[in-house]
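# A closer look at the structure
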Amino acid sequence: MLLATAGCRSSALFAGPDPLAGRPPLAPGVVTLAAVIAAEQNLISLYRTALAGRSPDGAGRPVLVALLGQHEQHLAQLKAMLVPPPATAQASPRPSPATSGHAGTTAPGTAAPGHVTIARLRAAEHASATRLVQRLATVEPALAQLFASIAASDATHVTALGG
Amino acid sequence: MGAVTAVAALRAALAAEDAAVFGYGVAGAHLTGSRQDAAEQYWTTHNEARDALTAMITRLGAAPVAAQAFYLLPFRVHDTTTAMALAAYLEDGVTRAYLGLVAVSDPRLRDYGALAMQGSAGRAAFWRGGTQAFPGLQASP
């Protein structure tokens with residue numbers, strides 16, 4: 001009654017987003033994190049394909065296994081930073097050619113067709129390190145530090161792969 | 001935790017570089033051949049980084065903190081193995097310091113810190129004989 005007396009409409013009091021307009025867009029940092037997760041999944045896929053094409057006692061296999069393990073750690077930490085809302089249609093980010101930053105993208109966790117050379121892994125590691133540094137300015141400090149640390153790890157992988 | 005200022009982060013990186021310059025002098029005395037060559041090269045790299053950071057701090061209108069005359073080493077260095085372990089330890093410290101620079105708001109300093117991390121993480125991997133998943137974020141072994 002007080003509102004009516006004052007000439008106010010009740011809807012004027014509720015200045016937040018319209019609940020009937022659908023979900024608001026994702027924050028830029030979330031979009032970036034999802035893209036980085038997808039890129040990491042692609043790297044893991046490359047390593048798995050590379051290992052699948054090598055004999056169990058082949059030369060260089062221990063190095064690839066070790067680097068794959070570190071990328072799996074990267075992925076786990078990146079995913080821990082992303083908390084999807086419950087009961088969403090897509091709980092996990094999917095890689096896409098536009099956001100993954102890698103040529104020859106595949107669905108996460110599946111092996112890419114064909115043989116993956118050490119040179120290709122090296123190039124993928126270098127590209128990953130470069131792309132992560134390019135993303136630093138657009139994310140909050142804690143995420144920037146995680147990206148920088150992973151980029152540094154990727155850079156060391158280039159050397160470990162003979163770069 | 002409050003925001004990290006650029007000057008504070010740069011001073012922390014400078015302190016790490018000063019420690020590395022000192023520590024490489026100790027480590028290098030126990031290395032020979034290609035490892036000693038690497039130690040000399042990295043000592044020069046840290047000196048150059050120290051000069052660059054000093055200039056950056058001065059340009060921001062702040063005073064660089066002078067290097068200490070002596071640094072307490074984490075363990076006794078007496079042979080090749082401990083010398084290489086010290087070198088890796090020093091590089092880990094440099095990596096952690098530059099990680100702090102990545103947290104500042106200036107994107108140019110973030111990039112500078114991130115690229116410096118790649119250098120120090122690479123050197124640490126050389127001395128350690130292996131890579132790490134999260135350089136700068138995990139404690140030295």
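Keep in mind that what you see is a predicted model, and the values were worked out from it rather than measured.

What counts, and where the lines are drawn
Residues numbered from 1 in each chain as written. Chains lettered and ligands numbered in written order. Predicted model: local features only at pLDDT ≥ 70, side-chain atom pairs only at ≥ 80, totals over all residues. Helix = DSSP H or I, 4+ residues; strand = E, 2+ residues; numbered from the N terminus. Buried ≥ 20, exposed ≤ 12 C-beta atoms within 10 Å, placed from the backbone. Contact = placed C-beta atoms within 7 Å. Nonpolar A, V, L, I, M, F, W, Y, C, P; charged D, E, K, R; others polar. Core = buried A, V, L, I, M, F, W, Y, C linked by C-beta atoms within 7 Å. Axes fitted to C-alpha atoms, helices over the stretch in contact; angles between N-to-C directions. Parallel < 35°, antiparallel > 145°, perpendicular 65-115°, else oblique. Left-handed = near helix turned anticlockwise from the far one by under 90°. pLDDT = per-residue confidence, 0-100. Expected span 1.5 Å × (residues − 1).

## Concerning the overall build of chain A
Counting its secondary structure elements, chain A contains seven helices and zero strands. Counting helices and strands in the order they occur from the N terminus, chain A gives α-α-α-α-α-α-α. Taking all 163 residues of chain A together, the buried fraction comes to 34%. The long-range share in chain A, meaning contacts at least 24 apart out of those at least 6 apart in sequence, stands at 79%.

## What to know about the interface of chain A and chain B
With 21 residues of chain A at the contact, the number on the chain B side is 22 residues. No other element matches helix α7 (residues 141-160) of chain A, which puts 13 residues into the side of chain A that touches chain B. Within the side of chain A that touches chain B, the residues separate by chemical class into 12 nonpolar, nine polar and no charged.

## Section: the environment of Ala129(A)
Relative to the elements of secondary structure, Ala129(A) occurs in helix α6 (residues 118-134). As for Ala129(A) and Val158(A), which are separated by 29 residues in sequence, their C-alpha atoms are 9.5 Å apart. The residues touching Ala129(A), leaving out its near neighbours within four places in the chain, are Ala151(A), Asp154(A), Ala155(A) and Gln118(B).

## A short note on the nonpolar core
Of all hydrophobic cores here, the largest spans 74 residues; its most connected members are Phe147(A), Ala148(A), Ala151(A), Ala13(B), Ala87(B), Tyr98(B) and Leu101(B). Secondary-structure elements contributing two or more residues to this core are α3 (28-52), α4 (61-80), α6 and α7 of chain A together with α1 (6-28), α2 (33-59), α3 (80-102) and α4 (107-128) of chain B. With 13 residues, the single largest contributor to this core is α3(B).

## Some thoughts on the packing of α3(A) against α4(A)
Residue and element names in this part refer to chain A. Their axes nearest at 9 Å, the elements α3 and α4 cross at an angle of 160 degrees. With respect to α4, the axis of α3 lies roughly antiparallel. α4 is crossed by α3, and the crossing has left-handed handedness. Between α3 and α4, the contacting residues are Leu-33, Val-36, Ile-37, Glu-40, Gln-41, Leu-43, Ile-44, Tyr-47, Ala-50 and Leu-51 on the first element and Arg-61, Leu-64, Val-65, Leu-67, Leu-68, His-71, Glu-72, His-74, Leu-75, Leu-78 and Lys-79 on the second. The residue makeup of the contact of α3 with α4, split by class, is 14 nonpolar, three polar and four charged.

## Remarks on the confidence of the model for chain B
Chain-level pLDDT for chain B is 95 on average; 96% of the residues reach the 70-or-more range. Here the predicted complex carries an ipTM of 0.95, next to a pTM of 0.84.

## Structural notes on the confidence of the model for chain A
Scored by pLDDT, chain A has a mean of 81; 73% of the residues are at 70 or more. Considering only residues more than four positions removed or in separate chains, one finds that residues 94-111 of chain A, a stretch of pLDDT under 50, has 38 contacts.

## So, α4(B)
Taking 1.5 Å of rise per residue, the 22 residues of α4(B) would be expected to cover 32 Å, and the 31 Å separating its terminal C-alpha atoms lies within 8% of that figure. Gly129(B) occupies a position one or two residues after α4(B) and carries a positive phi of about 80 degrees.

## Section: the packing of α3(A) against α6(A)
Residues and elements named next belong to chain A. Interaxial distance between α3 and α6 falls to 11 Å at its minimum, and their mutual angle equals 165 degrees. In this view, α3 runs roughly antiparallel relative to α6, as classed from their interaxial angle. The way α3 lies across α6 gives a crossing that is left-handed. Contacts between α3 and α6 involve Val-36, Ala-39, Leu-43, Leu-46, Tyr-47 and Ala-50 from the former and Arg-120, Leu-121, Ala-124, Ser-128, Arg-131 and Leu-132 from the latter. Of the residues contributing to the contact of α3 with α6, the split by class is nine nonpolar, one polar and two charged.

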